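Okay, here's what each chain looks like letter by letter:
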Amino acid sequence: MDAEETDIIVVGMGPGGEDAAGRLAEAGLHVTGVEANLVGGECPYWGCVPSKMMIRAANLLAEARRIPGMAGTATVEPDWAPVAARIRDEATDSWNDKVAVDRFTGKGGHFVRGWGRITGPREVTVGTPDGGIRVFRARRGILLATGTEPSVPPIRGLAGTPYWTNREAIETEQVPGSLIVLGSGAVGAELAQVFARFGAQVSVVEARSTLLPAEEPEAGELLEAVFTREGIAVHTGARAERVSHDGRAFRLSLAGGMALTAERLLVATGRRAGLDGLGVAAAGVDSAAGAVPVDGWMRAADGVWAIGDITGKGAFTHVSMYQAAIAVADILGQDGPPADYRAVPRVTFTDPEIGSVGLTEAQAREQGLAVRTGIARVPSSARGWIHKAGNDGLIKVIEDAQRGVLAGATSAGPVGGEVLGALAVAVHGQVPVADLRAMIYAYPSFHRGIEDALRGLATA
Ligand SMILES: Cc1cc2nc3c(=O)[nH]c(=O)nc-3n(C[C@H](O)[C@H](O)[C@H](O)COP(=O)(O)OP(=O)(O)OC[C@H]3O[C@@H](n4cnc5c(N)ncnc54)[C@H](O)[C@@H]3O)c2cc1C
């Protein structure tokens, strides 16, 4: 079969791939964009965008429930129908990517629907939905952006049951009566709170000792207190051993003999890079680590770049787009600084929002830094006290005491993800702690808590 010539083949058009492919096409390259499912990827159809629409609705309910004792009376009757409709009509266009495909082709890109596989140096073979095969050969190379899929643990009995992943949870037209959420990272925590606020009886099962185990333990403990108050049953340090489904309900057995039952089971135990069947070894890429190793310019091998979740540098849309810009510049032969991941911001959009940047205290200590930490509680601040109902939160700062700069920070609270902006600038810009202390913080803002946390910096 004759290969079709192109400048660059982009395999996978999630946020990273779509952005890079569009920019390269706009720069005048002949770009072949290959997508097996929907252009836009996980984020707009089953991830960031619809989940944040759910969260916005759930937060409205929570605010209305806070009215008594603060502003009068309110009767709250949750209705999932407008949420499902908004996801269907506004976020996903009924899971149709025509607008995104047209956006790419409008920039001069050449779109191919199908599963791409590397079959040789600078060569990708695509199996198209109609059973056809097309082979593409790229003059400049291949950009891999194939993202991640849910990682499903090998729990006895789980395979074969109708469990949910984020996809079914986002697509649901109905709130289940009861729900077990397995895993309490950002995805599990966000969706647990959404469904609980819409009336589901929710249990969260987490093997580690705190919720949000990748974050500061204080943040996980704070969230556990809020979840418990809202009626979510939290089981931390709990190992799931067996799952069964009798046609109507799930039964999840935990180590130690306890068992939970619910109408639905959401598996939210992390993500795995979808490298299977991608043929990366044919391009000289070692994928043994479960991610595609890249250098600072996103080069994975001669003529191969990789961006997004598959690089293992942070499974966030903003990381995939940051890397897309760097890869595009490199492909176009433009000079630029290498990727710098010291200040990757991450936000779990629960209420309170949990934002963090840079290193946690544990990571800083593991790296051998001379660590000092400071923590301030939002309810103790002027703004937190004024805010009253729903004021749970904290700000924690991690100082690299030897250099006198922040190595990391956490901001949890009603607008924790927004307060994080200031902390991200401090970590990214390596602003001296002495300068942060000398700044003026607006009264009575939530971000003024940063000043309190800095004041709390104590010798480790
Ligand atoms: C519920 C949920 C909520 C989230 N919320 C946030 C959030 O608030 N903020 C945030 O920053 N991140 C969030 N994320 C993470 C975010 O969605 C991902 O980090 C982001 O989508 C990764 O982008 P990507 O470009 O690496 O790949 P993906 O979005 O995973 O897209 C990869 C694309 O490649 C395609 N593909 C794979 N293999 C092939 C192949 N061989 N051939 C052709 N096509 C292929 C796939 O079909 C897919 O469309 C969330 C994720 C989930 C699940």
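The structure we're discussing is the one just above.
On a predicted model such as this, the values are computed, not experimentally measured, just so you know.

## Overview of the site of the ligand
The environment of the ligand is made up of 38 residues, and the closest members are Glu-35, Lys-52, Gly-116, Asp-309 and Thr-317. Between a nitrogen atom of the ligand and a main-chain N or O atom of Cys-48, the distance comes to 3.5 Å. Within the side chain of Asp-309, a nitrogen or oxygen atom sits 2.8 Å from an oxygen atom of the ligand. If the ligand stood free it would expose 1000 Å²; the protein chains cover 92% of that surface. Elements that contribute at least two residues to the shell around the ligand include exactly α1 (15-26), β2 (31-35), α2 (42-46), α3 (48-65), β4 (115-120) and α9 (317-331). Within the shell around the ligand, the residues separate by chemical class into 16 nonpolar, 17 polar and five charged.

## Comments concerning the packing of α1 against α9
Packing of α1 against α9 leaves a shortest axis separation of 8 Å and a crossing angle of 30°. Considered as vectors, α1 and α9 are oriented roughly parallel to each other. In the crossing of α1 with α9, the sense of the turn from one axis to the other is right-handed. From α1, Pro-15, Gly-16, Asp-19, Ala-20, Arg-23 and Leu-24 reach across to α9, where they touch Thr-317, Ser-320, Met-321, Ala-324, Ala-325, Val-328 and Ile-331. Among the residues forming the contact of α1 with α9, the class breakdown is eight nonpolar, three polar and two charged.

## Focus on the pairing of strand β13 (residues 259-262)
Residues Leu-260 and Ala-262 line the buried face of β13, whereas the alternating positions Ala-259 and Thr-261 sit on a face that is not buried. Both strand β12 (residues 250-254) and β13 contribute to a ladder of four bridges, which runs antiparallel. Paired with Phe-250 across the strands is Ala-262, a residue of β13. Turn length for the β12-β13 hairpin, with the two strands adjacent in sequence and antiparallel, is four residues, and the turn residue Gly-256 shows positive phi of about 100°.

## As for the pattern of salt bridges
In the structure shown here, the tally under the stated rule is 35 salt bridges. For Glu-18, the salt bridge is made with Arg-103, and the minimal N-O distance between the two is 2.6 Å. Taken as a pair, Glu-18 in helix α1 and Arg-103 in helix α5 (residues 98-106) lie far apart in primary sequence, 85 residues in all. The class for Glu-18 is buried, based on a relative accessible area of 14%. The salt bridge involving Lys-396 is made with Glu-361; its shortest N-O contact spans 2.7 Å. Separated by 35 residues along the polypeptide, Lys-396 in strand β21 (residues 394-400) and Glu-361 in helix α10 (residues 361-366) bring together distant segments of the chain. Here Lys-396 matches Glu-361 in class, with each residue buried. Put simply, Glu-63, Arg-66, Arg-197, Glu-230 and Asp-351 are held in one network by salt bridges that share partners.

## Observations concerning the sheet that holds strand β9 (residues 201-206)
Read from one edge to the other, the open sheet built from four strands follows the order β10-β9-β8-β14, with strand pairing classed as parallel. The open sheet terminates on both sides in strands that have one partner only, identified here as β10 (233-236) and β14 (264-267). Adjacent strand axes in the sheet meet at a mean angle of 15° when their direction is disregarded. As defined by bridge partners, strand β8 (residues 178-182) adjoins β9 across five bridges and the pair is classed as parallel. Pairing of Leu-179 across the sheet is with Val-202, part of β9.

About the thresholds
- Residues numbered from 1 in each chain as written.
- Predicted model: local features only at pLDDT ≥ 70, side-chain atom pairs only at ≥ 80, totals over all residues.
- Heavy atoms only, no water.
- Near = heavy atom within 4 Å.
- Polar contact = N/O pair within 3.5 Å; in protein donor to acceptor, adjacent residues only side chain to side chain.
- Areas by Shrake-Rupley, 256 points an atom, 1.4 Å probe, with all protein chains shown as cover.
- Helix = DSSP H or I, 4+ residues; strand = E, 2+ residues; numbered from the N terminus.
- Nonpolar A, V, L, I, M, F, W, Y, C, P; charged D, E, K, R; others polar.
- Axes fitted to C-alpha atoms, helices over the stretch in contact; angles between N-to-C directions.
- Parallel < 35°, antiparallel > 145°, perpendicular 65-115°, else oblique.
- Left-handed = near helix turned anticlockwise from the far one by under 90°.
- Contact = heavy atoms within 4.5 Å.
- Buried < 20%, exposed > 50% of the residue type's maximum accessible area, 1.4 Å probe, protein only.
- Pairing = 2+ DSSP bridges.
- Salt bridge = Lys/Arg side-chain N within 4 Å of Asp/Glu carboxyl O.

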